[in-house]
Amino acid sequence: DGKLWIGTYAGLFKYDGGKFTLFNDVPSVKNVNCLYVDEEGRLWTGTNDDGITIFINEHVMNVIDEENGLLSNYVNDIVSDSNGNYYIGTTEGIALVSLSGGVKITKSYDQIKNVICMSADQNGTVVGVTDRGEIYWLRDGEIITSPIKFAENKAYRSACFTEDNRLLLGTTDNDVLIYDMTADTPYLIREFSVEEIDGINSFYVTDNNELFICSDTGVVVVQKD
C-alpha cells in the first residue's frame, strides 16, 4: 500500500511518502531487529528483547514472547513457508508458529541456535543459517537432511531462495554458490568469489533478475549473464 516500515534501535517507524511516524506507544516494540510482511499484509516485528509483535492495519494483533513459549525474546529473522507456517529464528532456537485457530507456537527447535538468516522456497522448504556457519534444512515442520551433492564443507553466512527455483548461498570466505533447486537433487550452476567486498550478509534479486550481494563493506551488483 505504499508505506515503508523501518526498524531501528529507537523503535518502529512508518514513512508514508511525506512524513515519518514513530510507534512509541507500543510497549512490546522498543527496538527492532527484523521485519516481515506476510501475504495477508500482517507486519511481523521482531525485537531484541521483547519477542514479536504482529500488526494488522497498524494495530497490534498479537505479541509472541517467552511467556507464550518463544525460546528467546531476541528475534533475528522471520520467514513463512508455502504452507502457511511461520518460522521465528531466535538466539535460543527456531519456533514454528501457526495462525490456524489463533496464534500459537506448535513446535520448537532448540538445537538450531543463533539463526542469523532464513529463506523459504515455494515447496515448503526452509533453509536456516546460524552464526557458526551451519546450515539447516526444514520441510513441513521437520528437520531434514541436506540434499545430496550439497556443499557441506563450507561455513555459510547467508541464504536466499529465488522465485525461479534457485538457491543463493554466501560463505564466510565471500564465495557465492548458486544452485538450481528444480529437481530433488540440487544442481550447482555456478560458484564464484566476490573479492570487492567482505562479509556477505544478504542477497536481493530485482524484478529483472539482477542480483545484489550485500556485505559489511558494500554492495556488488551481478547481472543475469
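Refer to the preceding data block for the structure.
Residues numbered from 1 in each chain as written. Predicted model: local features only at pLDDT ≥ 70, side-chain atom pairs only at ≥ 80, totals over all residues. Heavy atoms only, no water.

Caption draft 1: The pairing of strand E11 (residues 104-109), seen in detail. Where strand E10 (residues 93-98) lies against E11, 5 bridges are found, and the strand directions are antiparallel. Note that in E11 the partner of Val-97 across the bridge is Ile-105. Once E10 ends, the chain turns through 5 residues before running back antiparallel as E11, passing Gly-101 with a positive phi of about 75 degrees. (Pairing = 2+ DSSP bridges. Helix = DSSP H or I, 4+ residues; strand = E, 2+ residues; numbered from the N terminus.)

Caption draft 2: Layout of the state of the cysteines. On inspection of all chains with the given rule, the structure shows 0 disulfides. Of all cysteine sulfurs in the structure, the one in Cys-160 sits closest to Cys-117, which takes part in no disulfide; the separation is 7.7 Å. Relative accessible area serves as the criterion here: at 9%, Cys-117 is assigned to the buried category. Here Cys-214 stays unpaired: no disulfide links it, and the sulfur of Cys-160, its closest cysteine neighbor, is 10.0 Å away. (Disulfide = S-S within 2.5 Å. Buried < 20%, exposed > 50% of the residue type's maximum accessible area, 1.4 Å probe, protein only.)

Caption draft 3: Seen up close, the nonpolar core. Counting residues in each nonpolar core, the largest one holds 14 residues, and the members touching the most others are Ile-135, Trp-137, Phe-150, Leu-167, Leu-169 and Tyr-179. Mapped onto this core, the elements with two or more residues apiece are strand E13 (125-130), strand E14 (135-139), strand E16 (156-161), strand E17 (166-171) and strand E18 (175-180). Ranked by residue count, the leading element in this core is E16, at 3 residues. Setting aside residues up to four positions removed in sequence, Leu-169 forms contacts with Ile-135, Phe-150, Tyr-156, Ser-158, Ala-159, Asp-175, Val-176, Leu-177, Tyr-179 and Phe-203. (Core = buried A, V, L, I, M, F, W, Y, C linked by side-chain atoms within 4.5 Å. Contact = heavy atoms within 4.5 Å.)

Caption draft 4: Structural detail: the side chain of Thr-125. Checked against the element boundaries, Thr-125 lands in strand E13. Relative accessible area serves as the criterion here: at 1%, Thr-125 is assigned to the buried category.

Caption draft 5: Quick look at the pattern of salt bridges. In the structure shown here, the tally under the stated rule is 12 salt bridges. Of the charged contacts, one joins Glu-134 and Arg-132 as a salt bridge, the two residues approaching to 2.9 Å between their closest N and O atoms. One network of salt bridges, with partners in common, ties together Lys-3, Lys-14 and Glu-58. (Salt bridge = Lys/Arg side-chain N within 4 Å of Asp/Glu carboxyl O.)

Caption draft 6: Structural view of the sheet that holds strand E15 (residues 142-144). Taken in spatial order, the 4 strands of this open sheet run E12-E13-E14-E15, and their pairing is antiparallel. Both edges of this open sheet fall to strand E12 (115-120) and E15, since each of them pairs with a single strand only. This sheet shows a mean twist of 30 degrees between the axes of neighbouring strands, independent of strand direction. Looking at chain direction, E12 and E13 are connected through 5 bridges and run antiparallel. Note on E13: the bridge partner recorded for Met-118 is Gly-128. (Axes fitted to C-alpha atoms, helices over the stretch in contact; angles between N-to-C directions.)

Caption draft 7: Inspection of the layout of surface pockets at higher detail. Roughly 900 Å³ of internal volume is contained in the largest pocket. Elements with a contribution of two residues or more to the lining of the largest pocket: strand E4 (32-37), strand E8 (75-80) and E12. Taken together, the residues that form the lining of the largest pocket break down as 12 nonpolar, 7 polar and 7 charged. Empty space within the second largest pocket amounts to approximately 660 Å³. What lines the second largest pocket is a set of 23 residues, and nearest its centre among them are Cys-160, Phe-161, Thr-162, Phe-203 and Val-205. Of all elements in the fold, only E12, E16 and strand E20 (200-205) reach the threshold of two or more residues within the lining of the second largest pocket. Among the elements that take part in the lining of the second largest pocket, E20 stands out by supplying 5 residues, more than any other. Split into classes, the residues belonging to the lining of the second largest pocket amount to 9 nonpolar, 9 polar and 5 charged. (1 Å grid on protein atoms, 1.4 Å probe; cavity = no way out; pocket = protein on both sides within 12 Å on 5 of 7 lines; lining within 4 Å. Points joined across faces, edges and corners; volume = space filled by probe spheres on them. Nonpolar A, V, L, I, M, F, W, Y, C, P; charged D, E, K, R; others polar.)

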